[in-house]
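Examination of the molecular architecture
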Amino acid sequence: MPGQVIGTTTGNSGNNGDAASQRVADYLREAILSGQIAPGERIRQEGIAERFGASRLPVREALRILEAEGLTEHHRHRGARVPKLDMHEVDVIYQMRERIEPLALTESIPHLTEDDFRRLQEIQRRIESNTDIGEFLALDRELHLLTYSGCGIDQLSSMVVRLWNSTQHYRRAYMHLSGPARRWVVNAEHRLLLDAIERRDAVDAERYLSGHIRRTRIELSQHPEVFAEALA
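Quantities reported herein were computed from a predicted structural model and do not represent experimental measurements.

Here the focus is the overall build of the protein. Scanning the protein from terminus to terminus reveals 10 helices and 3 strands. Scanning the protein from its N terminus toward the C terminus, one meets helices and strands in the order α-β-α-α-β-β-α-α-α-α-α-α-α. Rg of the C-alpha trace for the protein: 19 Å, near the compact-globule value of 17 Å for 232 residues, within the 12% margin. Projected onto the principal axes, the alpha-carbon positions of the protein cover approximately 55 × 40 × 30 Å. For the protein, buried positions account for 47% of its 232 residues. For the protein, restricting intrachain contacts to residue pairs at least 6 apart in sequence, the fraction spanning at least 24 positions comes to 74%.

On to the pattern of salt bridges, then. Counted by the stated rule, this structure contains 19 salt bridges. Across the pair R191 and E128 runs a salt bridge whose closest N-O atoms are separated by 2.9 Å. Residue R191 is located in helix α8 (residues 183-198), and its partner E128 is located in helix α5 (residues 114-128); the two are separated by 63 residues in the primary sequence. By relative accessible area, R191 is classed as partly exposed at 31%.

Moving on, we come to the packing of aromatic side chains. Applying the stated criterion across every chain yields a total of 2 aromatic pairs. On the basis of an interplanar angle of 65° and a centroid distance of 5.2 Å, the ring pair of Y27 and F52 is categorised as edge-to-face. Residue Y27 is found in helix α1 (residues 14-33), and its partner F52 is found in helix α2 (residues 45-52); the two are separated by 25 residues along the sequence. Comparing Y27 with F52, the two get one shared label, buried. When the ring centre of W164 is taken as reference, the NZ or CZ atom of R97 above it lies at 4.5 Å. Geometry around F136 places R183 over its ring, the cationic atom sitting 4.3 Å from the centre.

Read from one edge of the open sheet, 3 strands run β1-β3-β2, paired in antiparallel fashion. Of all strands in the sheet, those bounded by a partner on one side alone are β1 (42-43) and β2 (73-75). Note: β2 against strand β3 (residues 79-81), 3 bridges, orientation antiparallel. Bridging from a neighbouring strand, H75 pairs with G79 of β3.

A positive phi angle, close to 55°, is found at R200, a residue other than glycine. You can see R200 is positioned in the loop between α8 and α9 (202-221). A relative accessible area of 37% means that R200 is categorised as partly exposed.

One can find M96 in helix α4 (residues 87-108). A relative accessible area of 33% means that M96 is categorised as partly exposed. For the pair M96 and E69, spaced 27 residues apart in sequence, the C-alpha separation works out to 16 Å.

Core analysis: the biggest nonpolar cluster contains 40 residues, and V90, L105, Y148, I197, A205, L220 and V226 have the highest contact counts within it. Listing elements by their share of this core, those giving two or more residues are α4, α5, α6 (133-147), α7 (154-178), α8, α9 and α10 (225-231). A total of 8 residues in this core trace back to one element, the largest contributor, which is α7. Counting 20 residues, the second-largest nonpolar core is a separate cluster that includes A31, I32, I43 and V82.

Taking 1.5 Å per residue as the helical rise, α6 with its 15 residues ought to reach 21 Å, and the 21 Å between its terminal C-alpha atoms agrees with that figure. Within α6 the residues assigned to the buried category are I133, F136, L137, L139, D140, R141, L143, H144, L146 and T147.

The residue T72 is located in the loop between α3 (56-68) and β2 in this model. When sequence neighbours within four positions are dropped, the list of residues in contact with T72 reads I32, I43, L63, L66, E67, R81 and P83.

Moving on, we come to the environment of N165. The residue N165 is located in helix α7 in this model. Placed 50 residues apart in sequence, N165 and D115 show a C-alpha to C-alpha distance of 26 Å. Once you skip the residues sitting within four places of it in the chain, N165 turns out to touch L33, E69, L71 and R141. Among the polar contacts made by the side chain of N165, one reaches the main-chain carbonyl oxygen of E69 at a distance of 2.8 Å.

About the thresholds
- Residues numbered from 1 in each chain as written.
- Predicted model: local features only at pLDDT ≥ 70, side-chain atom pairs only at ≥ 80, totals over all residues.
- Heavy atoms only, no water.
- Helix = DSSP H or I, 4+ residues; strand = E, 2+ residues; numbered from the N terminus.
- Rg over C-alpha atoms; globule rule 2.2 N^0.38 Å.
- Buried < 20%, exposed > 50% of the residue type's maximum accessible area, 1.4 Å probe, protein only.
- Contact = heavy atoms within 4.5 Å.
- Salt bridge = Lys/Arg side-chain N within 4 Å of Asp/Glu carboxyl O.
- Phe/Tyr/Trp six-rings, centres within 6.5 Å; stacked < 30°, edge-to-face > 60°.
- Lys NZ or Arg CZ within 6 Å of the ring centre and 35° of its normal.
- Pairing = 2+ DSSP bridges.
- Core = buried A, V, L, I, M, F, W, Y, C linked by side-chain atoms within 4.5 Å.
- Expected span 1.5 Å × (residues − 1).
- Polar contact = N/O pair within 3.5 Å; in protein donor to acceptor, adjacent residues only side chain to side chain.

Structure follows, in structure tokens:
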């Protein structure tokens with residue numbers, strides 16, 4: 001985490017090396033998802049290694065972890081950077097989400113517990129009482145990923161997370177543009193979705209979720225300035 005020193009992996013056991021890589025990955029993941037590292041920005045291994053007091057080995061392993069999650073990409077002569085997408089690419093990824101996430105939700109619903117339902121309601125209450133965009137995005141992500149947590153198909157779950165990661169920056173930029181005026185729509189859609197999940201009605205849940213993602217995709221398409229800023 002920021003400011004936390006990680007010892008070099010030289011001479012340490014494999015477990016220590018794995019722990020160091022994971023700490024670096026956790027730090028970089030948070031920095032990317034929060035927008036501290038923007039699309040197109042290079043991630044300099046030497047700078048990260050120096051920050052953590054580590055060798056480059058755990059940094060390279062952390063970057064491999066994040067690449068698998070869709071948060072970084074590697075170019076042979078330019079090193080690692082955060083992927084930068086254009087408007088059409090984001091639109092297609094949202095269409096993928098419209099199709100894939102309802103399937104993950106259907107796989108998940110039978111395995112969600114009463115404790116999960118209570119957590120979902122609490123997260124939604126926090127979303128409704130929140131005015132900070134950064135916190136809203138974090139809570140919204142927590143809510144949706146929790147609804148998929150019962151999915152036992154690892155390939156499907158990992159794909160869902162990868163697609164979420166790919167579009168995080170553009171949704172954040174859109175939220176800054178739209179402000180709080182459209183929050184009531186998000187909250188109404190969330191409430192419908194949670195009701196269907198608690199009733200274990202996969203048909204309704206799929207329909208509400210698909211519409212929820214589709215609306216965001218359409219509203220994003222009406223703001224090309226989001227993508228012009230990202231591509232600048």
